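# Structure assessment
Residue-level listing of the chains:
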Amino acid sequence: MTERKQDDTGVEEETGLATKTRPATKKPSLYRVLLLNDDYTPMEFVVEILVRIFRKSPEDAARIMLHVHQNGVGMCGVYTYEVAETKVAQVMDAARRAQHPLQCTMEKE
Ligand code: TYC
């Protein structure tokens, strides 16, 4: 809020914090990172991925993994573009190294 006050010469001046003026910033678009089910990737590997890359608790990781296993797809988290892109790349890299067919994608929220 910007307050207007007159000083002793009658000149208006700004006082207080300018919390109502708009800074030149925009909210970044957000992206969902999705894990896809397949028949071959071990359940423990998916849980490890969710703990290590998506910082889930072991309990949340197991819940998300089972959701993907039963529904075909599930959400690992919502991130800004570059963070989402990095996490997808980390999952795909880990899966490739371990020779699992696990797939991870991102979509705009
Ligand atoms: N369906 C896999 C199995 O039965 C487990 C699995 C879960 C694979 C989630 C991928 O994103 C996935 N071993």
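Computed from a prediction, not measured in an experiment: that's the story for all the values here. (Residues numbered from 1 in each chain as written. Predicted model: local features only at pLDDT ≥ 70, side-chain atom pairs only at ≥ 80, totals over all residues. Heavy atoms only, no water.)

## Some points on helix H3 (residues 81-97)
Rule in force here: Only DSSP runs of H or I with at least four residues qualify as helices, and only runs of E with at least two residues qualify as strands; both kinds are numbered from the N terminus onward. A helix is expected to reach a length of 1.5 Å times the quantity of its residues less one. For the exposure calls, accessible area comes from a 1.4 Å probe over protein chains only, and a residue counts as buried if that area is under 20% of its type's maximum, exposed if over 50%, partly exposed in between. The directions from the helix axis to the C-beta atoms form the arc being described. Here a residue-residue contact requires only that any non-hydrogen atoms of the pair lie within 4.5 Å.
In this model, H3 (17 residues) spans 24 Å end to end at C-alpha, consistent with the 24 Å of a helix rising 1.5 Å per residue. Looking at H3, one finds that the buried residues are Ala84, Lys87, Val88, Val91, Ala94 and Ala95. All buried residues of H3 fall inside an arc of 130° around its axis, so they share one side. Of the residues in H3, the exposed ones pointing more than 90 degrees away from the buried face are Glu82, Arg96 and Arg97. Packing partners of the buried residues in H3 comprise strand E3 (30-36), helix H1 (43-52), strand E4 (73-80) and strand E5 (103-108). The first or second residue beyond H3 is Gln99, which carries a positive phi of 60°.

## Quick notes on the packing of aromatic side chains
Condition: Pairing of aromatic side chains here covers Phe, Tyr and the six-membered ring of Trp, requires ring centres within 6.5 Å, and sorts the geometry by plane angle: under 30 degrees stacked, over 60 edge-to-face, intermediate tilted.
Overall, the coordinates contain two aromatic pairs when judged by the stated rule. Taken together, a centroid distance of 5.2 Å and an interplanar angle of 80° make the contact between Tyr31 and Tyr81 edge-to-face. Of this pair, Tyr31 sits in strand E3 while Tyr81 sits in helix H3, placing them 50 residues apart in sequence. Ring geometry for Phe54 versus Tyr79: centroids 6.3 Å apart, planes at 40°, classification tilted. Linking Phe54 in the loop between H1 and helix H2 (58-71) with Tyr79 in strand E4, this pair joins segments that are 25 residues apart in sequence. Residue classification places Tyr79 among the buried residues on the basis of a relative accessible area of 17%.

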